[in-house]
There are 2 protein chains.
Amino acid sequence: MATSKPMRQQVEEYINALQDTIVGAFEELDPNAPKFRRDSWVRAQGGTGRSCVFAVPPPSNTSSSAPSTTILEKGGVNISIVHGTLPPAAIKQMRADHAGIPDLPAGDGGLPFFAAGLSLVVHPRNPHAPTVHLNYRYFEITRAPAADASSDAQPEVLAWWFGGGSDLTPSYLYEEDAKHFHSTLKTACDAHGAALFPAMKTWCDEYFAIPHRGERRGLGGIFFDDLTDAPHKRLDPSGATAHSSRPSTPESIFALVRQLGDAFVPSYIPILAKRANTAYTPEQRRWQLLRRGRYVEFNLVYDRGTKFGLATPGARIESILMSLPEEARWEYESDMGAAGTEEGRLMEVLRDPKDWA
Amino acid sequence: MATSKPMRQQVEEYINALQDTIVGAFEELDPNAPKFRRDSWVRAQGGTGRSCVFAVPPPSNTSSSAPSTTILEKGGVNISIVHGTLPPAAIKQMRADHAGIPDLPAGDGGLPFFAAGLSLVVHPRNPHAPTVHLNYRYFEITRAPAADASSDAQPEVLAWWFGGGSDLTPSYLYEEDAKHFHSTLKTACDAHGAALFPAMKTWCDEYFAIPHRGERRGLGGIFFDDLTDAPHKRLDPSGATAHSSRPSTPESIFALVRQLGDAFVPSYIPILAKRANTAYTPEQRRWQLLRRGRYVEFNLVYDRGTKFGLATPGARIESILMSLPEEARWEYESDMGAAGTEEGRLMEVLRDPKDWA
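Predicted, not measured: the structure shown is a model, and the values here were computed from it.

(A) Highlighting the confidence of the model for chain A. All names here are of chain A. For chain A, the mean per-residue pLDDT works out to 91, and 93% of the residues sit at or above 70. Taken as a whole, residues 61-66 scores under 50 in pLDDT and shows three contacts with residues more than four places along the chain or in a different chain. Overall fold confidence (pTM) sits at 0.93, and the ipTM for the predicted complex is 0.92.

Structure, rendered in structure tokens:
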């Protein structure tokens, strides 16, 4: 082993450092903008977090009516580290994907869990600059400590997995941006196995779908869940032994996740820097707000994380809904997005996802 | 019987006339605004509808940058009349509330249904003028026609019920408006039984709740469902015989629904006329957009009709999502709505609903 630290501690240290790196990259790109606001919080049921949120004062609080010139309109880079006891019903559900979780005897009170994740959504102001989302998380279920265990003892890990991904949601299609974003993620994946990127790219296209619109939310990227040492339904399609071609130990999967996390800044900041000062029309702003309406539809109707969060007692609603844009728009049978227009070019690839890398 | 027409035909005729009356009242109030746009549509799986939608051209399409001066910002008054075959699973679920629906033998293909409804959401432009919602609907399940039945034969009605309601969602609290709206509905209800309004008012407060915010969507009004000749869990709490004190025949329930539908214009138009030209600040507009964000949260996360519609293949998405406001806003930990402010006065009654009539 490269280190004797428990994985939960390694993950926590990594995402703390990554949060600082990412927030620092945004702040460096727009030095005259207000800094991200840092809020640390404690969950009564067990856990801590730190939200780093970018928001500009609303127009009515400024002396001029000129639009703000910050690169970002709204954004959040959030860490949450929670622990507690998983009820038997939740454990039973998780056993479907994680054979390592024991079948608890009836009457058992559940098992301790630990979850640590970094989650990011950034909505730039300029309609030519894409929205971006990232999430990487680690989940662990441990044996309940013996009554006489010392408080320093490491709990026995019964099951663990990583999940996450990153995806790009533009209002206007710049093929070179799509290629840059996907290629950067592909390079990070390919270092850990050639089959990873294609499988995670397809999974992303499937996950970020808005079925009632017949559209994807955006241009995709990668998405994965339940990545562990056991055979994986989607990532090891040819059976139990195939996962030798992809990372399957805690350390090797964590190395993949670190490389993906480190790839965020080079995957996105150059795109943002290139598009942030593009001239735009009120019509393009209107289209951006219509697309943000679709972002709201996906997040409130379909996103599993959001739905789970809203249904969780004691959840920090402001951190969960930080993903929503500052403004969104809905028009009845909008005339925008027709074939043959720049808006229609985006719609084509949202209806029929392409390979970009 | 007052008429020999089948109830489905009576309902269809009534909601068609009510749609014209309501749209006419809005158009008369703002004669210089664009007319509502009328769209008739046909559902491939069986049914027709007419959407009457108000929308103003977006700012970028006008020669001036001055805000539009129409009273409404967005609104829709929609009729849908659909029929088809209910699958056995849906019938089984409906039997819980409707003992009249027969328990189908296994292998049966389902039963014909008919549903007719009028649905309305209007978002005025002025932050001092409240958003309003109304929905009245009639549902019928019939016996499958015999193979040799003539096409003119009326199908045998196995189960039928009415549902609906109307509620008010302001951004600023004007107690006199809340009293006027609730009192108008109460007067309409009271003519049909004194217990109706209190029960339907409470049901409305419960239905239009946003649990993750600890708020109601608005100031409520009335809400009911499954109103038929059988004992009703909520409206006949004291048992099977208690419904003699409320309408319980098709004709008498339809008379209540007609009186409620007719009460819409007097319940709302005077409020809109009074508030539509109130001077307002950019700060008040900002608060209105934040409240519209909550409207979006309720409709996309909780509203049963919206969720059902989005999950229905072939549903007319543009009509379902016509309820969403033209614009909505989300701020991270907004400073608006604090105790002691005008915005905070609204929040108090959203957290803890009051009796207004």
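(B) Seen up close, the packing of helix α3 (residues 175-190) of chain B against helix α4 (residues 196-207) of chain B. Residue and element names in this part refer to chain B. Where α3 contacts α4, the two axes come as close as 8 Å, and the packing angle between them is 130°. Of the possible angle classes, the one that applies to α3 and α4 is oblique. The residues of α4 that touch α3, namely those facing H182, L185, K186, C189 and D190, are L196, F197, M200 and K201. For the contact of α3 with α4, a count of residues per class yields five nonpolar, one polar and three charged.

(C) Local environment of the pairing of strand β2 (residues 47-55) of chain A. Residues and elements named next belong to chain A. Note that strand β1 (residues 37-42) and β2 share six bridges and pair antiparallel. Paired with S40 across the bridge in β2 is R50. Taken together, β1 and the strand that follows it, β2, pair antiparallel across an intervening segment of four residues, in which G46 is found at a positive phi of about 120°. Relative to strand β3 (residues 72-86), β2 is paired through nine bridges, and the arrangement is antiparallel. Along β3, the bridge assignment pairs S51 with N78.

(D) Region of the structure containing the sheet that holds strand β4 (residues 111-124) of chain A. Residues and elements named next belong to chain A. Read across the open sheet, the seven strands follow the order β1-β2-β3-β4-β5-β6-β9; overall the sheet is antiparallel. At either end of the open sheet lies a strand with only one pairing partner, and these are β1 and β9 (220-227). Ignoring strand direction, the axes of neighbouring strands in this sheet form an average angle of 10°. Each of β1, β2, β3, β4, β5 (131-142) and β6 (157-169) is contacted by helix α1 (residues 7-29), which is oriented at about 10° to β4, the strand it contacts most. Of the strands in this sheet, β5, β6 and β9 touch helix α3 (residues 175-190), which is tilted by about 30° from β9.

Here is what the cut-offs are and how they apply
Residues numbered from 1 in each chain as written. Chains lettered and ligands numbered in written order. Predicted model: local features only at pLDDT ≥ 70, side-chain atom pairs only at ≥ 80, totals over all residues. Heavy atoms only, no water. pLDDT = per-residue confidence, 0-100. Contact = heavy atoms within 4.5 Å. Axes fitted to C-alpha atoms, helices over the stretch in contact; angles between N-to-C directions. Helix = DSSP H or I, 4+ residues; strand = E, 2+ residues; numbered from the N terminus. Parallel < 35°, antiparallel > 145°, perpendicular 65-115°, else oblique. Nonpolar A, V, L, I, M, F, W, Y, C, P; charged D, E, K, R; others polar. Pairing = 2+ DSSP bridges.

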